[in-house]
Amino acid sequence: MTTSASGEEPVAEQFGMTKDGQAVELFTLKSDTGLVAKVMTRGATLVQLHVPDNDGKSADVVLGFDSVAGYESEDNQYFGCTTGRVCNRIAKGKFTLDGKEYSLAVNNEPNHLHGGGEKSLDKVVWKAKSFSNDKGQGVRFSYSSPDGEEGYPGQLDIVVTYFVPVTGNRLNITYNATTDKATPVNLTNHAYFNLAGAGSPSVLDHTLRLNADRYTPTDDTLIPTGAVDSVEGTPLDFRKVTKIGQRIEPLTGTGALGYDHNFVLNAPEAGKKLVLAAALREKTSGRILRVRTDQPAIQFYSGNFLKGQVGKEGKSYAHRSAICLETQHYPDSVNHSNFPNTILKPGEKFQSTTIYEFAVAGTEGNGKGDGAKKKL
Ligand code: BGC
């Protein structure tokens, strides 16, 4: 036995009830270095994520609600949820697989978004099993989506594991899935971050660096044209550290209303090994978030549809007051044969990992440790 957080198995608390009477449980995962994550069974959702700032003061850096009713309301724009079966958009909600055409919910006119309607992965209640070992604490959420649910073929058995290592202030999310019929799968987490603390007025002063030379241009409804273009000379060039607000204005008049783009990750291993995809910083708190993933792309969304809805502790979430860095496959991959494959077949195992790693500026770039090397 150890005296650290890893010695204790996280215990389920009651978070509330869904409208249709299902109990929703909440688990708390802690590191020994100050990170606290709360995750719930509805939508296998990240509800709170507390991380220390430069002075060791913690704040909750993700948007969300204090109650199940909040998550069930119109104000919930996929806050912190597991998103799928296919996150992002599918053109007109249609695709053809093995000669058969499938029709999905058109829930984001004229397209399908984030897995569809009442039974998309963010809305169902998952089973949960917590665990701890000498490396940290975790919760394994599982959900078996029946053949035909939300129009998708095949029974999809999904396991999403949240894990907080003992040290290092990291939240690891691992996705596993198997199917009994060929089916598209694209899974992500939809956390909205504001590193000054959820409810702070804007993210336009946060700086961002993305490890992406290319992106997938879209039409006005945010469906990729099929091209993969260079970010060079566009407001999408985040290869050097850049303030989010610096070049956002020209994008306001586009279908995206700001940043809402799929960036193709660099590095030869993208799509196989974990790569450093994104680094986000907030000056006042000194907080830094690094996103590592084995997925081939990342959707950077600048919270353009946030509308001042009231979230946790009565704080309101203004337009562009948080950003999402959603690791995933390219949108509408199922309709673009030149995009990396998203079809999972019987007998195959889908596996993917994303790590959100937090640091503070004060401890980096001092020539000691690996802070300087890791800088993105
Ligand atoms: C999409 C946005 C959408 C938002 C919904 C993001 O993943 O890219 O277009 O409005 O999710 O909350």
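Just so it is clear, the structure is predicted and the values come from calculations on it, not from any experiment.

The 6 strands lie next to each other as S17-S28-S25-S22-S19-S20, forming an open sheet whose pairing is antiparallel. Of all strands in the sheet, those with a lone pairing partner are strand S17 (192-193) and strand S20 (229-230), marking the two edges. In this structure, strand S19 (residues 214-215) lies alongside strand S22 (residues 260-264), joined through 2 bridges in antiparallel fashion. Bridging from a neighbouring strand, Tyr 215 pairs with Phe 263 of S22.

The strand order S1-S2-S3-S4-S5 describes an open sheet built from 5 strands, whose pairing is antiparallel. Across the chains shown, the open sheet's two edge strands, defined by having one partner strand only, are strand S1 (13-17) and strand S5 (58-60). Geometrically, the sheet is characterised by an average inter-axis angle of 20° between neighbouring strands, direction not taken into account. Pairing geometry for strand S4 (residues 45-52) and S5, over 3 bridges, is antiparallel. Considered in S5, the bridge of Val 51 is made with Ala 59.

Where strand S8 (residues 94-97) lies against strand S9 (residues 100-103), 4 bridges are found, and the strand directions are antiparallel. Residue pairing across strands places Thr 96 opposite Glu 101, the latter belonging to S9. In sequence, S8 turns back onto S9 through a hairpin of 2 residues, with Asp 98 there showing a positive phi of about 50°.

Here we come to the side chain of His 329. Following the sequence through the fold, His 329 ends up in the loop between strand S28 (323-328) and strand S29 (343-344). His 329 sits in the buried class, given a relative accessible area of 11%. Among all residues touching His 329, those that are not within four sequence positions of it are Asn 186, Asn 262, Gln 295, Pro 296, Ala 297, Pro 340, Asn 341 and Thr 342.

Looking now at unusual backbone geometry. Residues Gly 84 and Arg 85 are joined by a peptide bond in cis, for which omega reads 15°. Looking at where Arg 85 falls in the secondary structure, it is placed in the loop between strand S6 (82-83) and strand S7 (89-90). With an omega dihedral of -5°, the bond running from Glu 109 to Pro 110 counts as a cis peptide bond. Examined against the element boundaries, Pro 110 turns out to sit in the loop between S9 and strand S10 (112-113).

What follows covers the site of the ligand. Inspection of the region around the ligand gives Gln 77, Tyr 78, Arg 89, His 114, His 190, Tyr 192, Leu 222, Asp 260, Gln 299, Tyr 301, Phe 305 and Glu 326 as its neighbouring residues. In this structure, Tyr 192 approaches the ligand through a side-chain N or O atom, which is 2.9 Å from an oxygen atom. Protein chains shield 95% of the accessible area of the ligand, which is 310 Å² for the free molecule. Class assignment for the residues of the shell around the ligand results in 5 nonpolar, 4 polar and 3 charged.

For the protein, per-residue confidence averages 94 on the pLDDT scale, and 93% of positions sit at 70 or higher. Ranking the helices and strands of the protein by mean pLDDT puts S17 first, with 99, and helix H3 (residues 371-374) last, with 40. Ignoring residues within four places in sequence, the model shows residues 365-375, a span with pLDDT below 50, making 10 contacts including any to other chains.

The rules behind each value
- Residues numbered from 1 in each chain as written.
- Predicted model: local features only at pLDDT ≥ 70, side-chain atom pairs only at ≥ 80, totals over all residues.
- Heavy atoms only, no water.
- Pairing = 2+ DSSP bridges.
- Helix = DSSP H or I, 4+ residues; strand = E, 2+ residues; numbered from the N terminus.
- Axes fitted to C-alpha atoms, helices over the stretch in contact; angles between N-to-C directions.
- Buried < 20%, exposed > 50% of the residue type's maximum accessible area, 1.4 Å probe, protein only.
- Contact = heavy atoms within 4.5 Å.
- Near = heavy atom within 4 Å.
- Polar contact = N/O pair within 3.5 Å; in protein donor to acceptor, adjacent residues only side chain to side chain.
- Areas by Shrake-Rupley, 256 points an atom, 1.4 Å probe, with all protein chains shown as cover.
- Nonpolar A, V, L, I, M, F, W, Y, C, P; charged D, E, K, R; others polar.
- pLDDT = per-residue confidence, 0-100.

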